[in-house]
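Survey of secondary and tertiary structure
Residue strings, one per chain:
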Amino acid sequence: MSLFSLGLTRAIVGQIFGTLAGMALVMIVRVLMGLEAWSAEPAWVVGAVFGIIGSLWAVGALADWVKWMSGTPTPMHHGPPHGKPAWTRYFAVDYNHKVIGIQYAVWGIFLLLVGGTAALIFRAELAQAGLQILALDVFNNLIGLHGMIMIFAILLGVGGMANYLVPLMLGAEDMAFPRLNALGFWFNVPGSLLLIFSLFVGGWDSGWTGYPPLSARGPVGYQLFFLGVFAIGLSSVVGSLNLIVTILRMRPKGMSLFRMPIFCWAVFATSMIQLTATQLIGLSFLMVSMQRALGMGFFDPGPVGATPFTGGGDPILFQHLFWFYSHPAVYIFVLPGLGIISELLPVFARKPLFGYKWIALSSVAIAIVGFIVWGHHMFVSGYNDILRIPFMYSTLLVAVPTGVKFFSWLGTIWGGNLRFPTPMLFVLGAISVFLIGGLSGPILGTVPTDLPLHDSYFVVGHFHATMFGGFVFPFFAALYYWFPKVTGRMYNETLGKIHFWIMTPAFWVQTLGQMGVGVMGMRRRIGDYDPLLGAGEITAWHMAITIAGFAIGFGVLLMLWNFFQSAEVGVLAGDNPWRSRSPEWQIPSPIPEHSFPAPLAVVGEPYDYGLPGSSYVSVVAATGDD
């Protein structure tokens, strides 16, 4: 078997050749027009678009679509590819939702390591005042790369959990549209590679937000940044559509909406946001790209006195478009994580989930209210002052459904027969960290306190607490919890708990330290600072934040080592080591190619733990692969 036979290799090679073909086409057209052959801006734009298409074509993600158009039959193939080892299916186009879920999760972890590495590099620079190892332009590029790569990593992690778990929790054989599911994943490969490669053609120094006019005038790396985000946005749109249809149309007999596992409610609310809001970030970045490439002045104010009707654009328009997606996007990241918390707490408390319907509806409420709060990111942008008040009140309103979840979690824990394996520890760690993010949020959502703290490190601390507590900690809890189901083996419990006790205190130090230096006057996205800030204590605070960051990185590597080792030599887990009621735990571990040998029937409530004689689904006898 050659390296080129791997689908991932073909995808990368296809992207390279597609990019070159697009560049060559631009040069030919320019020569025919009597222009100089090479112009970086159009060459890279067209090359990047051709590269995305070339990647999808080479890996085979478009093959069945082309066959359909030509009338060729496209039978669904189940199982590993013919004549190749079973592991190669994870590096190629595969239509099984479990394989696609693992592809999402693994690629997301890869991006997590890339983004985390960028963070450790610039954190080493910030450990002391002055410039030690990085020039300011390199620092700014690493800041932007870290921010956007970590956002992509979280999106892929969400996709991994949703694709793997939702059909299993519904008792369905697969997603509603398996081929669309595969295509959705493979958009992420060229998109993320474009983002990483953009550093080598000038990068982007505007931070992850890409605000014009800076992004409209910077190096050509911005174009790869815009198009990479656009490609991954397409993945989010098609993936969310697939999940919505799967949840609404593929539930088994007896599973009403209010008998669904709570994680499915979280994914449903998340998918509604993704489907309706993602277009806005794609649109805003595409408009800047077209402004650069074709001279369209969407966000260019033009000469003094110009209006939108006489050629003058408005840079504030970009912020409205960008944040109309990017604040709801916070809930795209957070809602699945909060769903994981609600899913795991009853299992390890051995009692019913307190306020199940309230938790389910609170996810929908957060998704709806999240669309009317974007303006709190723009309190200092120069928009009309009167807009600050309604956006302030709508922002504070989000705390109500979020508070419902906290009180429900406390009600679930209260009086429970608690057990504390690694997944439960990460659930409790998530609650503690997300609480830090939640309590610091209203400070930035009210006008008088946001104005002095805007663009400070206080915002960085709040955002990291929200993302880590809302997604990263629950994601790690999910990895530990479902690892036995995916592999059939238990992870090393000792290493898992060491990971938790390294990472959790380190993150407390990091996020509270970031908020602390923000109060001292530290601005975000700044490569140097005055050592006299905070009465001369700011350097010590930055050193503590840097050490905590490296400790978090070590904990993540320890987790990955634990998983790699345990997948081979871990103790056999059995089918249901956690004694869960959820459908995926009623079938063999690891899960067969065809997950359920017969349709399920839901006969009870999903979280009636500790109630004698209750059951959730009719148990299906294991039949193995077919």
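Residues numbered from 1 in each chain as written. Predicted model: local features only at pLDDT ≥ 70, side-chain atom pairs only at ≥ 80, totals over all residues. Heavy atoms only, no water.

Topic: the overall build of the chain
If you tally the helices and strands in the chain, you get 19 helices and zero strands. Since a compact globule built from 626 residues should have a radius of gyration of about 25 Å, the 25 Å found for the chain is in line with a globular shape. Principal-axis analysis of the C-alpha atoms gives the chain an extent of 75 × 65 × 45 Å. Burial status across the chain gives 57% buried among its 626 residues. Pairs at least 24 residues apart make up 79% of the contacts formed inside the chain by residues separated by at least 6 positions. (Helix = DSSP H or I, 4+ residues; strand = E, 2+ residues; numbered from the N terminus. Rg over C-alpha atoms; globule rule 2.2 N^0.38 Å. Buried < 20%, exposed > 50% of the residue type's maximum accessible area, 1.4 Å probe, protein only. Contact = heavy atoms within 4.5 Å.)

Overview of the pattern of salt bridges
Evaluated as defined, the whole model comprises eight salt bridges. A salt bridge links Glu41 to Arg292; the shortest N-O distance between them is 2.6 Å. Here Arg292 lies in helix α10 (residues 262-294) and Glu41 lies in helix α2 (residues 40-59), a separation of 251 residues in the sequence. Between Arg89 and Asp94 there is a salt bridge; the shortest N-O distance is 2.9 Å. Neither residue differs from the other here; Arg89 and Asp94 are each classed as buried. Where salt bridges share partners, they join Arg89, Asp94 and Glu593 into one cluster. (Salt bridge = Lys/Arg side-chain N within 4 Å of Asp/Glu carboxyl O.)

Overview of the packing of helix α4 (residues 97-126) against helix α19 (residues 538-569)
Contact pair α4 / α19: the axes reach a minimum separation of 9 Å and the direction vectors enclose 155°. Taken together, the axes of α4 and α19 are roughly antiparallel relative to one another. In this structure, the crossing between α4 and α19 has a hand that is left-handed. Contacts between α4 and α19 involve Ile109, Leu113, Leu120, Arg123, Ala124 and Leu126 on the former and, on the latter, His542, Ile545, Thr546, Gly549, Phe550, Val556, Leu557 and Leu560. (Axes fitted to C-alpha atoms, helices over the stretch in contact; angles between N-to-C directions. Parallel < 35°, antiparallel > 145°, perpendicular 65-115°, else oblique. Left-handed = near helix turned anticlockwise from the far one by under 90°.)

With respect to the side chain of Ser284
Positionally, Ser284 belongs in helix α10. With residues near it in sequence (within four places) discarded, Ser284 still touches Phe299, Phe318, Leu321 and Phe322.

Some points on the layout of surface pockets
In this structure, the second largest pocket occupies an estimated 1500 Å³ of space. Lining the second largest pocket are 43 residues; nearest its centre among them are Tyr90, Ile102, Val106, Val486 and Thr487. Every element with two or more residues in the lining of the second largest pocket is listed here: α4, α5 (136-170), α6 (178-186), α17 (457-487) and α19. Counting residues per element, the lining of the second largest pocket draws most heavily on α4, at 11 residues. Residues of the lining of the second largest pocket, tallied by class, amount to 33 nonpolar, six polar and four charged. (1 Å grid on protein atoms, 1.4 Å probe; cavity = no way out; pocket = protein on both sides within 12 Å on 5 of 7 lines; lining within 4 Å. Points joined across faces, edges and corners; volume = space filled by probe spheres on them. Nonpolar A, V, L, I, M, F, W, Y, C, P; charged D, E, K, R; others polar.)

Considering the environment of Ala119
Take Ala119: it is sitting in helix α4. Using a relative accessible area of 13% as the deciding quantity, one classes Ala119 as buried. Measuring from C-alpha to C-alpha, the distance between Ala119 and Trp186 comes to 26 Å, with 67 residues separating the pair along the chain.

Some details on the nonpolar core
Residues Met148, Phe152, Phe225, Phe285, Phe476 and Trp482 are the most contacted members of the largest nonpolar core, which totals 189 residues. Leave out the neighbours within four places in its chain, and Phe476 touches Leu112, Phe426, His499, Met503, Val556 and Met559. (Core = buried A, V, L, I, M, F, W, Y, C linked by side-chain atoms within 4.5 Å.)

Focus on unusual backbone geometry
Pro212 connects to Pro213 through a cis peptide bond whose omega is 10°. Of note, Pro213 is situated in the loop between α7 (188-197) and α8 (214-217). Notably, Arg525 is not glycine yet its phi reads approximately 60°, a positive angle. Relative to the assigned elements, Arg525 resides in the loop between α18 (493-520) and α19. Take Arg525: its relative accessible area is 25%, and that puts it in the partly exposed class.

Considering the packing of α5 against helix α9 (residues 221-249)
Remark: α5 packs on α9, axes separated minimally by 11 Å, with the N-to-C direction vectors making an angle of 20°. Between α5 and α9, the angle falls in the class roughly parallel. For the crossing formed where α5 meets α9, the hand is left-handed. Residues Met148, Phe152, Leu155, Ala162, Val166 and Leu170 of α5 form the contact with α9, whose participating residues are Phe225, Gly228, Val229, Ile232, Ser236, Leu243, Thr246 and Ile247. Across the contact of α5 with α9, the residue classes break down as 11 nonpolar, three polar and no charged.

With respect to the confidence of the model for the chain
Residue-level pLDDT values for the chain average 93, and 97% of them are 70 or greater. The low-confidence segment residues 620-626 (pLDDT under 50) makes 11 contacts with residues lying over four places distant or belonging to another chain. (pLDDT = per-residue confidence, 0-100.)

Description of the environment of Trp482
Along the chain, the position of Trp482 falls in helix α17. A residue is classified by how much of its surface remains accessible, and Trp482, at 5% relative accessible area, is buried. Along the primary structure Trp482 and Pro423 are separated by 59 residues, whereas in three dimensions their C-alpha atoms are 9.2 Å apart. Residue contacts for Trp482: discarding those within four places in its chain leaves Leu165, Met169, Ile340, Glu343, Leu344, Glu584 and Trp585. A polar contact is formed between the side chain of Trp482 and the side chain of Glu584, at a distance of 2.9 Å. (Polar contact = N/O pair within 3.5 Å; in protein donor to acceptor, adjacent residues only side chain to side chain.)

Digging into a nonpolar patch on the surface
A surface patch of nonpolar side chains, about 590 Å² in accessible area, is lined by Leu25, Val29, Met33, Leu35, Val49, Phe50 and Ile53. For the nonpolar patch, the secondary structure elements donating two or more residues are α1 (7-32) and α2. A total of three residues in the nonpolar patch trace back to one element, the largest contributor, which is α2. Assignment of secondary structure puts Leu35 in the loop between α1 and α2. For Leu35, a relative accessible area of 41% puts it in the partly exposed group. (Patch = residues over 30% accessible without salt bridge, like charges linked within 9 Å, V, L, I, M, F, W, Y side chains within 5 Å. Areas by Shrake-Rupley, 256 points an atom, 1.4 Å probe, with all protein chains shown as cover.)

What about α6?
Counted residue by residue, α6 has nine buried out of nine residues, so it is predominantly covered. Of all the positions in α6, only Pro178, Arg179, Leu180, Asn181, Ala182, Leu183, Gly184, Phe185 and Trp186 are classed as buried.

As for the packing of aromatic side chains
For the structure on display, the rule yields 50 aromatic pairs. Pairing Trp208 with Phe463 gives two aromatic rings, centres 6.5 Å apart and planes at 20°, and the pair type is stacked. Here Trp208 is found in the loop between α7 and α8, whereas its partner Phe463 is found in helix α17, with 255 residues between them in sequence. Accessibility expressed as a relative area gives 16% for Trp208, which makes it buried. The interplanar angle of 85° and the centroid separation of 5.4 Å between the aromatic rings of Phe299 and Phe318 together place this pair among those described as edge-to-face. With Phe299 in the loop between α10 and α11 (315-349) and Phe318 in helix α11, this residue pair connects regions lying 19 residues apart in the sequence. The burial state of Phe299 is the same as that of Phe318; both residues are buried. If you follow Lys357 out to its NZ or CZ, it ends over the ring of Phe258, 5.3 Å from the centre. For the cation-ring pair, Arg581 lies above Tyr609, with the distance from its terminal atom to the ring centre recorded as 5.8 Å. (Phe/Tyr/Trp six-rings, centres within 6.5 Å; stacked < 30°, edge-to-face > 60°. Lys NZ or Arg CZ within 6 Å of the ring centre and 35° of its normal.)

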